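# Results of the structural survey
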Amino acid sequence: MTGQTIFITGASSGFGAACARIFAQHGNRLILSARRVEKMMRLREELSGLADIHVIGLDVRDREAVRQAISVLPEAFKDIDVLINNAGLALGLEPANEVNLDDWDEMVDTNIKGLMYCTRFVLPGMIARNRGHIVNVSSTAASWPYPGGNAYGGCKAFVLQFSRNLRADLLGKPIRVSCIQPGMAETEFSDVRFKGDKQSADSVYRGTTPLVAQDIAEAIKWIVDRPAHVNINNIELMCVDQAWGHLAVNRAPANKGDR
Ligand code: NDP
Ligand code: 8X3
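Okay, so let's go over this structure.

## A closer look at the packing of helix α1 (residues 14-24) against helix α8 (residues 213-225)
One way to put it is that α1 packs onto α8 with a least axis distance of 8 Å and a crossing angle of 55°. The angle between α1 and α8 places the two elements in the oblique class. The chirality of how α1 crosses α8 is right-handed. Listed contacts from α8 to Gly14, Phe15, Ala18, Cys19, Ile22 and Phe23 of α1 are Ala213, Gln214, Ile216, Ala217, Glu218, Ile220, Lys221 and Val224.

Okay, structure coming up:
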């Protein structure tokens, strides 16, 4: 379908920027939001001639700012058809007993609360217009735990279950809710997770052909393009160089307590 108004959070890089590019190529109106406005202005420049683009500097953790941004959208952009709740991040890989609590707070505030705020402020308009689609970006980390994934995986599990519960709330209304669970994809994600430690970030993808942002954007485009009576509940995708491993087993004699 063409000519829709698409609101993308986290549009300054990675999956969000790739979504902007792919949806712009199909004649949609785009609302791009993230904190780094200059990056989105450059993207708007790149896509000029393809789509009308409204850029919002927005920190999704700020509930009042989210409310305000959505309530003052220009006339041409205010009827949001598709919300892509993509803004998010992982911080650190420390075990739970060593983690910096500020990192946990920031992950919860962004991945969970930010996504809730955007959803809550966009949804009433969708219901009033009797049309809409919310696509939430979760992660394989929602379903498959790994050491150091602690709060990040927990946040993404919230996104998956929240998506399903939204569908339950919306039954009887022509509003779709989808969730996508990508595996490792090379974006700024690992630079952010390792706080600028380039070596650690690069090591995540070394020797692999990881997913790239375009892969996720194409999947989201496909989800949105299904006929109106089809709701894609959830999609999980990984690169071919990623799969599950054995469950971990502790064989060390020490630290077994009373066993
Ligand atoms: P990037 O780091 O490239 O992009 C993250 C985006 O989120 C940026 O545009 C960033 O913009 C935005 N963002 C972060 N915090 C905030 C905030 N407080 N307010 C508004 N925007 C924010 O990573 P990806 O593109 O890879 O990540 C996109 C989503 O995909 C995230 O939710 C991530 O958890 C998820 N994901 C990533 C995977 C991967 O391996 N890359 C795999 C599975 C899921 P800015 O800093 O300008 O605010
Ligand atoms: C990002 C994928 O495996 O780093 O959500 O958690 S992973």
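## Structural notes on the pattern of salt bridges
One pass over the full model with this rule turns up 15 salt bridges. The partner of Glu188 in a salt bridge is Arg36, and the shortest N-O contact between them spans 3.0 Å. Residue Glu188 is found in the loop between β7 (185-186) and α6 (189-193), and its partner Arg36 is found in the loop between β2 (29-34) and α2 (37-46); the two are separated by 152 residues along the sequence. Classification of Glu188 by relative accessible area gives partly exposed; the value is 23%. Owing to a relative accessible area of 34%, Arg36 belongs among the partly exposed residues under this scheme. Note that Lys221 and Asp225 form a salt bridge whose closest N and O atoms lie 2.5 Å from each other. One end of the pair, Lys221, and the other, Asp225, are both in helix α8, four residues apart, so they sit about a helical turn from each other.

## What about the site of ligand 2?
Ligand 2 sits among Ser139, Ala141, Tyr146, Tyr152, Phe189 and Arg193. Between ligand 2 and Ser139 there is a distance of 2.6 Å, counted from an oxygen atom to a side-chain nitrogen or oxygen. Contact between ligand 2 and Tyr146: an oxygen atom at 2.6 Å from a side-chain N or O atom of the residue. Here ligand 2 has 240 Å² of accessible area as a free molecule, and 82% of this is covered by the chains.

## Quick look at the sheet that holds strand β6 (residues 175-182)
Taking strand neighbours across the sheet as the criterion, the seven strands line up as β3-β2-β1-β4-β5-β6-β9 in an open arrangement whose pairing is parallel. Looking at the sheet topology across the chains shown, the edges are occupied by β3 (53-57) and β9 (234-237). Direction aside, neighbouring strands of the sheet carry axes that sit 15° apart on average. With five bridges joining them, β2 and β3 adopt parallel strand pairing. Along β3, the bridge assignment pairs Ile31 with His54. Lying on the sheet, α8 is in contact with β4 (82-85), β5 (132-137), β6 and β9; it crosses β6 at an angle near 155°.

Reading the values: the criteria
Residues numbered from 1 in each chain as written. Chains lettered and ligands numbered in written order. Predicted model: local features only at pLDDT ≥ 70, side-chain atom pairs only at ≥ 80, totals over all residues. Heavy atoms only, no water. Axes fitted to C-alpha atoms, helices over the stretch in contact; angles between N-to-C directions. Helix = DSSP H or I, 4+ residues; strand = E, 2+ residues; numbered from the N terminus. Parallel < 35°, antiparallel > 145°, perpendicular 65-115°, else oblique. Left-handed = near helix turned anticlockwise from the far one by under 90°. Contact = heavy atoms within 4.5 Å. Salt bridge = Lys/Arg side-chain N within 4 Å of Asp/Glu carboxyl O. Buried < 20%, exposed > 50% of the residue type's maximum accessible area, 1.4 Å probe, protein only. Near = heavy atom within 4 Å. Polar contact = N/O pair within 3.5 Å; in protein donor to acceptor, adjacent residues only side chain to side chain. Areas by Shrake-Rupley, 256 points an atom, 1.4 Å probe, with all protein chains shown as cover. Pairing = 2+ DSSP bridges.

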